[in-house]
Amino acid sequence: MSRTRLRPEDLFCARCHRAVRLGAAHWPEGYLCAACYDHALETYGPCVGCGADRLTPGIAPDGGRWCTDCAGGLGEFHCERCGREARRYLRGVCGNCVLAERLEELLDDGAGRVRPELVPFFDEVRSVPRPKATLTWVGKPHVQKILRVLACGEVPLTHEGLSTLSP
């Protein structure tokens with residue numbers, strides 16, 4: 001059995017030409033750095049190949065965007081929970097579903113539900129088009145503390161109440 005050796009020119013992103021780490025995503029066009037991979041899996045619109053309006057991570061020779069099928073099968077990106085075509089973060093689940101799960105825990109009012117006054121906030125935050133940054137934000141200890149305090153009603157949902165929280 002022969003091993004394929006990586007050549008130095010193979011260790012650069014096929015899109016931006018930055019160096020990539022071993023284990024980087026390898027698509028038909030070549031390796032992708034983390035930034036290009038993230039951007040690709042956050043790009044939606046009409047596919048120049050089939051015309052479908054969906055996730056378009058591939059790049060066609062003319063610079064247009066291809067869906068996963070037209071780009072040569074880049075992978076399976078359907079969420080196992082909601083069916084949305086997006087980057088899967090945890091256990092085959094998209095970022096929006098992971099975000100909703102984490103927010104449900106943080107905004108629980110003690111009765112196993114999101115505090116009713118925070119439902120509009122919950123709905124807006126869990127449906128962001130690019131959940132990666134929001135997942136990072138929700139993962140910060142000070143943000144978690146603030147959200148829990150708001151969910152339990154320890155601080156009033158007013159400008160004055162919010163200004164008492166820090167940072």
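All values derive from a computational prediction rather than experimental measurement.

Novice: Explain empty space enclosed by the protein here, please?
Specialist: Rolled over the atoms, a probe with the dimensions of a water molecule shows which regions are left empty. If you walk through the whole model with that rule in mind, you get one cavity of 30 Å³ or more. In this structure, the largest cavity encloses a volume near 60 Å³. In terms of lining residues, the largest cavity is bounded by Leu41, Glu42, Tyr44, Arg84, Ala86, Arg87, Tyr89, Gly95, Pro129, Arg130 and Pro131. For the lining of the largest cavity, the residue count by class is six nonpolar, one polar and four charged.

Novice: How do you make sense of the side chain of Glu85 when you look at a structure like this?
Specialist: Assignment of secondary structure puts Glu85 in the loop between β6 (65-66) and β7 (88-90). Within the local environment of Glu85, its side chain forms a polar contact with the side chain of Arg54, the two groups lying 2.7 Å apart.

Novice: I would appreciate a short explanation of the nonpolar core in the present structure.
Specialist: In terms of nonpolar packing, the biggest core is built from 26 residues, with Leu99, Leu103 and Leu107 touching the most fellow members. Where this core is concerned, the elements lending two or more residues are β8 (93-94), α2 (95-106), α3 (119-126), α4 (131-138) and α5 (141-152). Beyond its immediate chain neighbours, meaning those up to four positions away, Leu107 contacts Arg113, Val114, Arg115, Leu118, Phe121, Phe122, Leu147 and Ala151. One finds Cys13, Cys36, Ala40 and Leu41 within the second-largest nonpolar core, a separate group that totals 14 residues.

Analysis parameters
- Residues numbered from 1 in each chain as written.
- Predicted model: local features only at pLDDT ≥ 70, side-chain atom pairs only at ≥ 80, totals over all residues.
- Heavy atoms only, no water.
- 1 Å grid on protein atoms, 1.4 Å probe; cavity = no way out; pocket = protein on both sides within 12 Å on 5 of 7 lines; lining within 4 Å.
- Points joined across faces, edges and corners; volume = space filled by probe spheres on them.
- Nonpolar A, V, L, I, M, F, W, Y, C, P; charged D, E, K, R; others polar.
- Helix = DSSP H or I, 4+ residues; strand = E, 2+ residues; numbered from the N terminus.
- Polar contact = N/O pair within 3.5 Å; in protein donor to acceptor, adjacent residues only side chain to side chain.
- Core = buried A, V, L, I, M, F, W, Y, C linked by side-chain atoms within 4.5 Å.
- Buried < 20%, exposed > 50% of the residue type's maximum accessible area, 1.4 Å probe, protein only.
- Contact = heavy atoms within 4.5 Å.

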